[in-house]
Structures are given as structure tokens and as C-alpha cells.
Amino acid sequence: MSNLEREPREVRCGSDGRGGVGEESELLEGRAVPLGGPRAMAVSRTLPNVRRRMIGAWCFVDAYGPEETAMRVPPHPHTGLQTVSWLLAGRVLHRDSLGSMQEIRPGGLNLMTAGRGISHSEESRHEVLHGVQLWVALPGEQREVAPRFEHHAVLPVRAGSGFAATVIMGSLGGETSPATVHSPLVGAEVAVDGSAEVPLDPAFEHGLLLLDGAIEPLRPGPLRYLPPGRESVRVSGQGRMLLIGGEPFGEEIVMWWNFVGRGHDEIAAFRKEWMEGTGFGAVEGFDGEPLPAPALPGTRLRPRGRVR
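(A) Fine view of the overall build of the protein chain. A count of helices and strands for the protein chain gives one helix and 21 strands. Taking 308 residues into account, the globule formula puts the C-alpha radius of gyration at 19 Å, and the protein chain, at 18 Å, falls close to it. By its C-alpha atoms, the protein chain is 55 × 40 × 35 Å across when sized along the principal axes. Expressed as a percentage of the 308 residues in the protein chain, the buried residues total 56%. Carbon together with sulfur atoms contributes 48% to the accessible area of the protein chain, which is approximately 12500 Å² in total. If the 32 positive side-chain charges of the protein chain are averaged to one point and the 38 negative ones to another, these points end up 4 Å apart.

(B) Molecular detail of the packing of aromatic side chains. All chains considered together, the criterion is met by six aromatic pairs. Seen in terms of ring centroids, Phe60 and Trp135 are 4.0 Å apart; in terms of plane orientation they differ by 15 degrees. Their pairing is stacked. A residue pair is termed long-range when its members are at least 10 positions apart, and Phe60 in strand 4 (residues 58-69) and Trp135 in strand 11 (residues 127-137) qualify at 75 residues. Judged on exposure class, the residue Phe60 and its partner Trp135 are both buried. Each ring, one from Trp256 and one from Trp257, has its centre 6.4 Å from the other, and the planes form 55 degrees; the classification is tilted. Here Trp256 and Trp257 have matching classes, each one buried. Through a chain of ring-to-ring contacts, the aromatic side chains of Trp256, Trp257, Phe259, Phe270, Trp274 and Phe280 assemble into a single cluster. The ring of Tyr225 has Arg52 lying over it, and the distance from NZ or CZ to the ring centre is 3.6 Å.

(C) The sheet that holds strand 11, seen in detail. On the basis of which strands lie adjacent, the open sheet formed by seven strands has the order 2-3-4-11-6-9-12 and antiparallel pairing. Among the strands making up the open sheet, the edge pair consists of strand 2 (31-34) and strand 12 (148-152). When the angles between neighbouring strand axes are averaged without regard to direction, this sheet yields 20 degrees. Of the strand pairs in this sheet, strand 6 (residues 81-89) and strand 11 are connected by eight bridges, and their pairing is antiparallel. Its bridge partner lying in strand 11, Ser85 is registered against Gln133.

(D) Broad picture of the environment of Cys59. Locating Cys59 in the fold gives a position in strand 4. Taking C-alpha positions, Cys59 is 16 Å from Pro227, a pair spaced 168 residues apart along the chain. Leaving out residues up to four positions away in the same chain, Cys59 has contacts with Leu47, Pro48, Arg53, Met54, Trp135, Val136, Ala137 and Met255.

(E) Spotlight on the pattern of salt bridges. What the rule picks out here adds up to 16 salt bridges. Arg240 is paired through a salt bridge with Glu189; the nearest N and O atoms lie 4.0 Å apart. With Arg240 in strand 19 (residues 232-246) and Glu189 in strand 16 (residues 185-199), this pair connects stretches of sequence that are 51 residues apart. The closest approach of N and O atoms between Arg240 and Asp212, which form a salt bridge, is 2.6 Å. Placement of the pair is Arg240 in strand 19 and Asp212 in strand 17 (residues 205-216), with a sequence separation of 28 residues. By relative accessible area, Arg240 is classed as partly exposed at 25%. The network of salt bridges with shared partners includes Glu26, Arg51, Arg52, Glu205 and Arg306.

(F) Representation of the environment of Leu211 in the model. You can see Leu211 is positioned in strand 17. A sequence separation of 80 residues divides Leu211 from Gly131, and the C-alpha atoms of the two residues are 8.2 Å apart. Apart from residues no more than four positions distant in its own chain, Leu211 is found in contact with Leu88, His130, Val132, Glu189, Arg240, Met241 and Leu242.

(G) Representation of the pairing of strand 17 within the structure. Where strand 17 lies against strand 19, 11 bridges are found, and the strand directions are antiparallel. Bridged to Glu205 within strand 19 is Gly246. Pairing analysis gives four bridges linking strand 17 to strand 18 (residues 223-226), with the strands arranged antiparallel. Paired with Leu208 across the bridge in strand 18 is Arg224. What sits between strand 17 and strand 18 in their antiparallel hairpin is a turn of six residues, with Gly221 showing a positive phi close to 115 degrees.

(H) Structural view of unusual backbone geometry. Here the bond from Leu47 into Pro48 is cis, since omega is -5 degrees, no more than 30 degrees from zero. Within the element layout of this structure, Pro48 appears in the loop between strand 3 (42-47) and strand 4. Geometrically, the link from Gly65 to Pro66 is a cis peptide bond, its omega value of 0 degrees lying close to zero. Turning to its location among the elements, Pro66 is positioned in strand 4.

Definitions and limits used
- Residues numbered from 1 in each chain as written.
- Predicted model: local features only at pLDDT ≥ 70, side-chain atom pairs only at ≥ 80, totals over all residues.
- Heavy atoms only, no water.
- Helix = DSSP H or I, 4+ residues; strand = E, 2+ residues; numbered from the N terminus.
- Rg over C-alpha atoms; globule rule 2.2 N^0.38 Å.
- Buried < 20%, exposed > 50% of the residue type's maximum accessible area, 1.4 Å probe, protein only.
- Areas by Shrake-Rupley, 256 points an atom, 1.4 Å probe, with all protein chains shown as cover.
- Lys, Arg positive; Asp, Glu negative; His and termini not counted.
- Charge placed at Lys NZ, Arg CZ, Asp CG, Glu CD.
- Phe/Tyr/Trp six-rings, centres within 6.5 Å; stacked < 30°, edge-to-face > 60°.
- Lys NZ or Arg CZ within 6 Å of the ring centre and 35° of its normal.
- Pairing = 2+ DSSP bridges.
- Axes fitted to C-alpha atoms, helices over the stretch in contact; angles between N-to-C directions.
- Contact = heavy atoms within 4.5 Å.
- Salt bridge = Lys/Arg side-chain N within 4 Å of Asp/Glu carboxyl O.

What follows is the structure in C-alpha cells.
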């Protein structure tokens, strides 16, 4: 699932080290975004945020469901990023311009590296859907790599007292996902049952998002940001949460519609290529027309850093 807004916005957006959330954490409230029109599935978008645009290389977080609905995302392009698709309930079929066709189910990972350019579609049956869609910005030296798709049906688990963390991307507590990464980061679904102290990399900044159940100190909706310097975070309750993190991303980027680039002219060229049908290939098998790109804003898009 990707950004289907018809008028996408360019969002301009120290701990004790012992695990407690502390005063330096931030709550990043999400905004409701309908995907594909007023009757479409609504998502809560917590990244990019008005105060903080990125957590590590993670630059986009959409959470949706549980909701009985059907997903239908027409073919659309991406550049300069990786899409990370993770489900808690339901099934979604991915198709892309490389010829990939792969259904994702709960517990499996669909990872698409856009690199210099790719297009894809996503669709599901009418059923209960619950999941997250995330983007990872590619660093400058990697952002024009050849496009690639990966599916990982089995992922490593880091278990500890009161928790079990499925490592989706990167490494956590000595367990490493087989998924390809291009910068130091982590992504994990953490199941909590009781009191737990989840290990963290002190070089990373992190974000925590409640997926289901009740876990202190989280609440439904916002993404809780944790600055670098922590070796762990203490949580308690019963449920599941998303953990993301990474080394602070040092580059300025432009993120507009489904493109990540480095300047206005580059984004305008991506849009032109998509609308003219060049550079992004074709998605075979989707019953419908590709998604047209929205109009560029009246002012020039400017590269921006990770924090407003």
C-alpha cells in the first residue's frame, strides 16, 4: 500500500539509557488519510510528522485496521526507497513491473526496493485487514540501485522475559533478518506478555507503535519517539507493538507522492516519466488503469532534514 492522496503534502516536519521512556520521548500523532477516495480504507499516518520527518531511515509509517474491507491500489511508481509490507490479519497480493507476483500473509515480509524506479499494485479480497506499510529512504550511494523484490516467509525471533520480537528488518538483540538493508536500522513486531525489557541499539533513535492489545506506556494511535542513547525500553501489558529504529539519517530528502528524491527537478522528472509511460515498466495482470500522478505544487519542493 502506498500514498494515494490526490493532493499530497510536503510535510515539514536524551534518555536515562536504562529503559524507562522518560521525559525526552515524543508522541507523534497520526493523521487520517483515506486511500483511494472517500469510501476507501482509512489509515493513520504517523511518519512523516509535522515535528519529525524520519526515524533512522524510516520515512513513512501507515497503520490500518483491523477493518473488514478490500484493498485495491492500482499500479503506481516508486523511486529512492524500500516498501516494507507487514500484516497482522488478512492477505494482500503484490504485483510489480519486474514480473513479481506474491501474496503476503501475517508473519511474512514483502520487501520492494525501488532504487532507480519500479511500479507495483496491491489488492486483496473483502476480508479483515490489519497491518502496517512502511518506507525506508535509500542513502545517496544506494538510491539508484537496480529495483528488487523479496519475500521472506520465515523471520528470526528474539525472545526474552515477557516478550518475543519477530525481526522484520535489520538486527535486534543478536537476531538478524535476511531482508536486504542499505543503512543501519531495525524493524520488529514485538509481542508483549507481562513486564519486559526489550533491547535497543544505543546508537539508534527508535519509534514504538501500539498494534493491538494494551501495552504501557503506549496508547492507540500515536508513534512514540525515543532518542538515541538507550540500551533497552521497559514495557508491560499484553499485546503487540511495532518497533522501528536506525542511525539518524544525515541526508536531506524530498518526499512527494510516491517518490523520494533530492530536489524539485528530480521529482518533476520522475513524475514526467510516469505520466509518459517511460522508466517504470508495466504491471501485468492488474485489472485496471495505472494511477495518474497528482499535479506538482505551485511552489518548488525543497530538500529537508529529518527534524523540522
